[in-house]
Structures are given as C-alpha cells and as structure tokens.
Amino acid sequence: MTLSPARAPGVATSGVRRLTATLYGYAFLDDFVLLYPVYALLFSDTGLSLWQISSLFALWSVTGIVLEVPSGAWADAVSRRLLLWVGPLLTAVGFALWLIVPSYWAFALGFVLWGVRGALGSGALEALVYDELDRLGAADRYARVVGRAQAVGMVAVMAAMALAGPVLDLGGYPAVGAASVLVCVLTSMAATRFPEHREAVPGPKHASTLSTLRAGLTEVRRDRSVRGAMLLVPAVGAVWGALDEYTPLLVRETGVAEETVPYLLLLIWVGPAIGSLLTGAGERLGTAGLGVVLAGSAVALAVGALLGTPVGIGLVAVAFGGFQLVNVLADARLQDRIEGARRATLTSVASMGTETATVAVFAAYAVIGAGHAHGVAFAVFAVPYLVTAGVLVARRGA
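About the cut-offs
- Residues numbered from 1 in each chain as written.
- Predicted model: local features only at pLDDT ≥ 70, side-chain atom pairs only at ≥ 80, totals over all residues.
- Heavy atoms only, no water.
- Axes fitted to C-alpha atoms, helices over the stretch in contact; angles between N-to-C directions.
- Helix = DSSP H or I, 4+ residues; strand = E, 2+ residues; numbered from the N terminus.
- Parallel < 35°, antiparallel > 145°, perpendicular 65-115°, else oblique.
- Left-handed = near helix turned anticlockwise from the far one by under 90°.
- Contact = heavy atoms within 4.5 Å.
- Nonpolar A, V, L, I, M, F, W, Y, C, P; charged D, E, K, R; others polar.
- Core = buried A, V, L, I, M, F, W, Y, C linked by side-chain atoms within 4.5 Å.
- Buried < 20%, exposed > 50% of the residue type's maximum accessible area, 1.4 Å probe, protein only.
- Expected span 1.5 Å × (residues − 1).
- Salt bridge = Lys/Arg side-chain N within 4 Å of Asp/Glu carboxyl O.

Where helix H11 (residues 261-277) meets helix H14 (residues 310-337), the closest approach of the two axes is 7 Å, and the angle between their N-to-C directions is 30°. Taken as axis vectors, H11 and H14 run roughly parallel relative to one another. For the pair H11 and H14, the sense of crossing is right-handed. In this structure, H11 uses Leu 264, Leu 267, Ile 268, Gly 271, Pro 272, Gly 275 and Ser 276 to contact H14, whose residues at the interface are Pro 310, Ile 313, Gly 314, Ala 317, Phe 320, Gly 321, Gln 324 and Leu 325. Considering only residue class, the contact of H11 with H14 consists of 9 nonpolar, 6 polar and no charged.

Rendered as structure tokens:
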C-alpha cells in the first residue's frame, strides 16, 4: 500500500471536497441517460429481430473485454482524466448515429463506441479517485466515497427510468436520444474537472502502454494478496450484474400488470443503492463477515426468486443490495493492495474478469432459462455466491 504524505488539514479537506463533488456529479450524469430504459424498444421498433438485438449485446460485451486491459495500461501510461472525458464523447457519437441512421450497422457501431467508452473509464476512474484520496491522506475513505458515488449513479438510473416515458411520449425517440447525447457531453465536461496529480512511474520516463501492462501483470504473479483481491471482484460482481438484465422477465413472471413492472424494477434498484450507502459501516467487516453477507444475500436471492411474488422481488432487492455492498468493498480491498503506478492496469484486469464471467453467465442463463422458469434460473445462480462465501469464511484468517 502507498504511504500518503502529510497534508495540511485545510488543504486536504478542500481537496477531498472538490474530488468527491466532481465524482458525484460525474456519476449522476454518466447514468442519467434516458435511452437506457428504451433502447431495446428502439431496436425492436426499427425492425431488428431478437437474434440481432442479442448480437448487439454480445458485441458490446466483447468490445469491452478486448479493450479493458489495454485501456487500463494506457491510463497508467498517459492520463486517466483524459480517458474519462474522451469516453463520453464517443458514446455521444454512437447515440447520435442511432438517431440519424437507425439501422443494424449503426446500432452495432454505436455499441462498439459505447464498449470503447466503458473500457476507457473502467480502471481509470477507480485509479484516479484512489490515488487522489491517497495523496490527500484520505485513502481510508475510498470505499465510502465510491459507494456513495455508485448510489448517486443508481439514483440517476431510476430518475432516467421515470423520465424516459414522458419524454418519449412528448418527442419520441429523437427527444430521448437528443437528451442522452446532451448528457454525454455534460459528463465529458464534468470529467475535465477531476484533479490529477501523477507521480513519476518507475522505470523509463515515457513508459509505453505495453511495458506498463507487463509490469502490472508481473505484480499479479508476484503478490498473492493482489491476486486474491483481484479474483474476488469478478466472483462477486459478474453474476448479479448479468442477472440484472433479466429482472424485467422475473418481475413479469410474478403475474403483476404490465404497468406495475417498472415500479418493481425501481424497487430492485433501491437495494443496490442502499448497499452502496452502507459501505462505510461495511468496512468494519472482516473476510468472514463478507462471506456471511454473501451467503445471506444468496439465500435471499434464491428464496425471493422462487416465491414468484412481489414480496419475493423485495427479497431479490435485498440480495442485490448485499452483492453491491460486497462488490464495493472487494474493489476497495483491491485498491489497497495495488501499487499506485499500475493501479488502472490491474483494476482493468479485474474488470475484464468480470466482463468475461458475465458473458459466461449470459450463456448459462440462456441454457437454464430455455427449460425452466426465470425464478428457477435466478435461484441456480445463488449457488456460486454460496461457494464464494464458503471460501471467504474458510480464509477468515487471511
């Protein structure tokens, strides 16, 4: 772990305030995209088949997997802030293409740009925030700060869900798309406000992206604690992140009216938002404590999904809240174990693991869901969490 230099209390406090204010604004704008809840409808209304829509999602994920680690190494070799403000502009271009020339290939190009944007921001954001807090002597606040930022982002998603319908009624897809492009531009502008004070990277003054990547992977092989923390991130984040895409189908399976589905989806999102806000208290949990939270969340997921009722959906929300809590704490543990110069690189390696595992969950869900109810499929995916929880409890002395 990097030792923070001493800072004057007033300077440190004002620096932390500037960083967190920028982060919270960035997090809100980044997720306040009205196209999010309706882009699947746009694809369908344009005439795309279910297979074509699924192929777009796959292309999106594959783009992120391919570019995740190289973009992290690039962020360590150049500027993390640069990647954070360039990325949203790429998404804005992609959304504009969807509106101007709505077609399969325009949608595909838009998803590639969106995937590139995701890769550029993943790793770079966590690394910038942790290193700036560390510089200010406040690295111990990382989990709380990031947890609150993610809660802000989830509130933005819920707000976008609430506004997308009325805006769609008033101006159709052009209005929703124009608002989304504008928000992407505002996100880019917010990113330029991030402070970035980089210390010199050990080795050649102008290290290449490739050499940065090699150095980061060497650190993973050498340091067992880094490797363990890195494996925990996808073990926690991949499954529930994939299951979230299927929650509308799970909710509809309860038999509620179609107009009730969005409200139950909002209920599910409340769970992770609360989980994010609880990270400050969760920092006191040891390894075994994280295992207990994962196990309890896994049970809530299985029971809630199998109930097939609105009450069961509430239990799914509780489960997602627990997963989100552990997810943020797992990221904080990883950041604590990484040397700052390779932080974005190794964070991106962990993110790539999450993306790869998520694609595997999509494939497995398709197989399980083909012959069973969605509630059964959700319950099956509680098992990996029970396994991970068992490993954490067994390693409670680590």
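Inside soluble globular proteins, nonpolar side chains tend to come together where they are buried. Ranked by internal contacts, the top residues of the largest apolar core, which has 78 residues, are Leu 301, Phe 320 and Phe 378. At 12 residues, the largest contribution of residues to this core is made by H14. For Phe 378, the residues in contact, after removing those within four places along its chain, are Leu 243, Tyr 246, Thr 247, Leu 250, Leu 301, Ala 305, Phe 320 and Tyr 365. The next biggest cluster of nonpolar side chains, apart from the first, holds 26 residues, and it includes Tyr 39, Tyr 104, Ala 156 and Val 176.

For helix H13 (residues 287-307), with 21 residues, the first-to-last C-alpha span of 31 Å sits near the 30 Å given by 1.5 Å per residue. The first or second residue beyond H13 is Gly 308, which carries a positive phi of 65°.

Across the interface, helix H7 (residues 142-191) lies against H14 with an axial gap of 9 Å and an inter-helix angle of 140°. On the basis of their axis angle, the class for H7 and H14 is oblique. When the axes of H7 and H14 are compared, the crossing they make is right-handed. When H7 is examined against H14, the residues Tyr 142, Ala 143, Val 146, Gly 147, Gln 150 and Met 154 are found in contact with a partner set consisting of Gln 324, Val 328, Leu 329, Asp 331, Ala 332 and Gln 335. A per-class count over the contact of H7 with H14 returns 7 nonpolar, 4 polar and 1 charged.

Once their charged atoms are close, side chains differing in charge can pair, the charge on each being opposite to the other. In total, this model carries 3 salt bridges according to the counting rule given. Notably, a salt bridge pairs Arg 117 with Asp 30, separated by 2.6 Å at the nearest N-O pair. Here the residue Arg 117 occupies a position in helix H5 (residues 104-121), and Asp 30 occupies one in helix H1 (residues 9-31), the gap between them amounting to 87 residues. The class for Arg 117 is buried, based on a relative accessible area of 8%. Its relative accessible area of 23% is what places Asp 30 among the partly exposed residues.

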